[in-house]
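Coordinates in review
Listed here are the chains, written in short residue letters.
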Amino acid sequence: MKQCCACNKNSFFPEMLGDIVLCKKCLIKIDGLMWKYRDFEKGEDFDKYRYKAITLANKNQFPASVIDGINAYFDQKQSKLKECAACGKRRQKTTNANNFIFCEECFSDIAECWKRKKYFNREELYNERDKVLKIAKEKNFPKEFIEQISPYFEDKVEKNWISTLDGNKGQTIEFYNDYLTIKTNKNFNEEEMQSQFNKLNSKININSEDLKSFKTIGKEIGKELISDVIPIPRAFKSMKILDMAGDKMIKHLDNSKTVSIKNYVKDGLRKVYYKDCFNTNLLFRNEEGITVGALLIITNNANVPDLLFFFDKSKINKIKKIRKILEEEMEKAEKKVDNDKKATGNQHFAKQIRELKGLLDDGIITQEEFDAKKKQLLDL
Ligand SMILES: [Zn+2]
Ligand SMILES: [Zn+2]
């Protein structure tokens, strides 16, 4: 029990304002319940309540020592407020971003995009960056802070990042300029995914004899056969690729009922270069009991295992989009390999012609022989 400094009555539930004791009644007289337990989010609110408390204390003829005590209490509270680097107001709730302090009101608008770590694609990333820049300028964020915004976003692009997608089944697929990664985390339920994968595959009814013959039947028939089962649009660019497709498809479909996803999905990070990818298959069925889809990435490099990316069925539209990204990147990589081969080929011809020129200069071959050989080499 303590004695109230204002009315001098004893109080069972005294309220402390710093060193000052007030009974509940006296606290209510100065509107204390409105501000004592309040989180002051705005500086102007704070000043308003202080003014009101002092005015009411004077009106109720509280002793000067109590009025001083109330002022001291507000001063102490105010010293804990932090100044927002954008609006300049002193606030209780603040956020620290890149060594600047912002009130929540100023920061909340950009926080959503700023603090996001993943972007679905580059366009989205740039849109977010522009949004953050626009808001930061409008809200008068410090110049030094605004200067840090673009590098924050550029950093993601510099790492040659293109796109990221969480399949919501314990795997994340990320695309970079030359390669992709699939991260499998602890949430990945191998047993469940294996059972879902079996369900996805059980619908594929084709015997391996058909597939073996498709290799020899040739392009058109093979195309027909395969497109009935799983579309492989890139596979028919050349017979060589068709043969590889045949081998791969036979392997995959032969084993489809017993295939263990363990080989395709390993804990941690898998990385594969687009130039080593030769095809993608989307295993997806919108049927009861099947809750996932799988993106199968088939490689043309015996040393690089094929990859499986499992995704929640609700992600199908996003998967279609990233599959497009993937196929574009694969096509780019393929073109690059072709061009590199051509360039090496041209260098080879140039070297041969230089050697011939050497033979001509040394009088070992005649001008006619040189011209004929050169023509032949250059295929003129
Ligand atoms: Zn009192
Ligand atoms: Zn502010």
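Given the structure is predicted, the values throughout are model-derived calculations rather than measurements.

Reading guide: rules and limits
Residues numbered from 1 in each chain as written. Chains lettered and ligands numbered in written order. Predicted model: local features only at pLDDT ≥ 70, side-chain atom pairs only at ≥ 80, totals over all residues. Helix = DSSP H or I, 4+ residues; strand = E, 2+ residues; numbered from the N terminus. Buried ≥ 20, exposed ≤ 12 C-beta atoms within 10 Å, placed from the backbone. Contact = placed C-beta atoms within 7 Å. Pairing = 2+ DSSP bridges. Expected span 1.5 Å × (residues − 1). Arc of directions from axis to C-beta. Axes fitted to C-alpha atoms, helices over the stretch in contact; angles between N-to-C directions. pLDDT = per-residue confidence, 0-100. Core = buried A, V, L, I, M, F, W, Y, C linked by C-beta atoms within 7 Å.

**Here's the deal with the overall build of the protein chain**
Of the regular secondary structure elements, the protein chain holds 13 helices and 15 strands. Buried residues in the protein chain amount to 24% of all 380 residues. A fraction of 49% describes how many contacts in the protein chain between residues 6 or more apart in sequence connect residues 24 or more apart.

**Describing the pairing of strand β14 (residues 292–299)**
The buried fraction of β14 amounts to six of the eight residues, a majority that puts the element mostly inside the structure. Looking at chain direction, strand β13 (residues 277–283) and β14 are connected through six bridges and run antiparallel. Its bridge partner lying in β14, Asn-279 is registered against Ile-298. With six bridges joining them, β14 and strand β15 (residues 307–312) adopt antiparallel strand pairing. What sits directly across from Ala-294, in β15, is Phe-310.

**Comments concerning helix α4 (residues 64–79)**
The first and last C-alpha atoms of α4 sit 22 Å apart over 16 residues, in line with the 22 Å expected at 1.5 Å per residue. Taken together, the buried positions of α4 are Val-66, Gly-69, Ile-70, Tyr-73 and Phe-74. Seen from one end, α4 has its buried residues packed into an arc of 135 degrees, which puts them on one side. Within α4, the exposed residues directed more than 90 degrees away from the buried face are Ala-64, Ser-65, Asp-75, Gln-76 and Ser-79.

**Remarks on the sheet that holds strand β10 (residues 171–176)**
Ordered in space as β9-β10-β11-β12, the four strands form an open sheet in which the pairing is antiparallel. Each edge of the open sheet is held by one strand with a lone partner, namely β9 (161–166) and β12 (268–273). For this sheet, the mean inter-axis angle between neighbouring strands, taken without regard to orientation, is 15 degrees.

**Regarding helix α8 (residues 190–201)**
The first and last C-alpha atoms of α8 sit 16 Å apart over twelve residues, in line with the 16 Å expected at 1.5 Å per residue. When we look at burial in α8, the residues that qualify are Met-193, Gln-196, Phe-197 and Leu-200. Angular distribution of buried residues about the axis of α8 spans 105 degrees; they occupy a single face of the element. Structurally, α8 contributes buried residues whose contacts are with β13, β14 and β15.

**Details of the confidence of the model for the protein chain**
Predicted confidence across the protein chain gives a mean pLDDT of 79, with 78% of residues reaching 70 or more. A low-confidence stretch, residues 217–222 (pLDDT under 50), is modelled with eight contacts involving residues beyond four sequence positions or located in other chains. Across residues 224–241, confidence stays below pLDDT 50; counting only partners more than four residues off in sequence or on other chains, it has 23 contacts.

**Section: unusual backbone geometry**
Trans is the prevailing form of peptide bonds, just as negative phi is the prevailing case for residues other than glycine. Not every positive phi belongs to a glycine, and Asn-8 is a case in point at roughly 65 degrees. For Asn-8, the position within the fold is in the loop between β1 (2–3) and β2 (10–11). You can call Asn-8 exposed: it has 9 C-beta atoms within 10 Å. For Asn-168, which is not a glycine, the phi torsion comes out positive at approximately 65 degrees.

**Structural notes on the environment of Ile-261**
Mapped onto the elements of the fold, Ile-261 is located in the loop between α11 (239–254) and β12. As for Ile-261 and Phe-197, which are separated by 64 residues in sequence, their C-alpha atoms are 7.9 Å apart. Dropping the residues within four chain positions of it, Ile-261 is found in contact with Glu-190, Met-193, Gln-194, Phe-197 and Leu-308.

**A short note on the sheet that holds β13**
An order of β13-β14-β15 is seen for the three strands of this open sheet, with the pairing classed as antiparallel. Single-partner strands in this sheet number two, and they are β13 and β15. On average, each strand axis in the sheet is tilted by 15 degrees relative to the strand beside it, whichever way the strands run. α8 rests against β13, β14 and β15 of the sheet, and its axis sits at about 80 degrees to β14.

**A look at the nonpolar core**
Within the largest apolar cluster, 29 residues are counted, with the highest numbers of intra-cluster contacts made by Ala-294, Leu-308, Phe-309 and Phe-310. Counting only elements with at least two residues in this core, the list comes to β9, β10, β11 (179–184), α8, β13, β14, β15 and α12 (316–361). Those residues in contact with Phe-309 that sit more than four places away from it in its chain are Gly-167, Gln-171, Ile-173, Ile-182, Ala-294 and Leu-295. Among the nonpolar cores identified, the runner-up in size contains 19 residues, and Val-66, Ile-70, Tyr-73 and Phe-74 belong to it.

**Observations regarding the environment of Phe-74**
Structurally, Phe-74 is set in helix α4. Placed 27 residues apart in sequence, Phe-74 and Asp-47 show a C-alpha to C-alpha distance of 8.9 Å.

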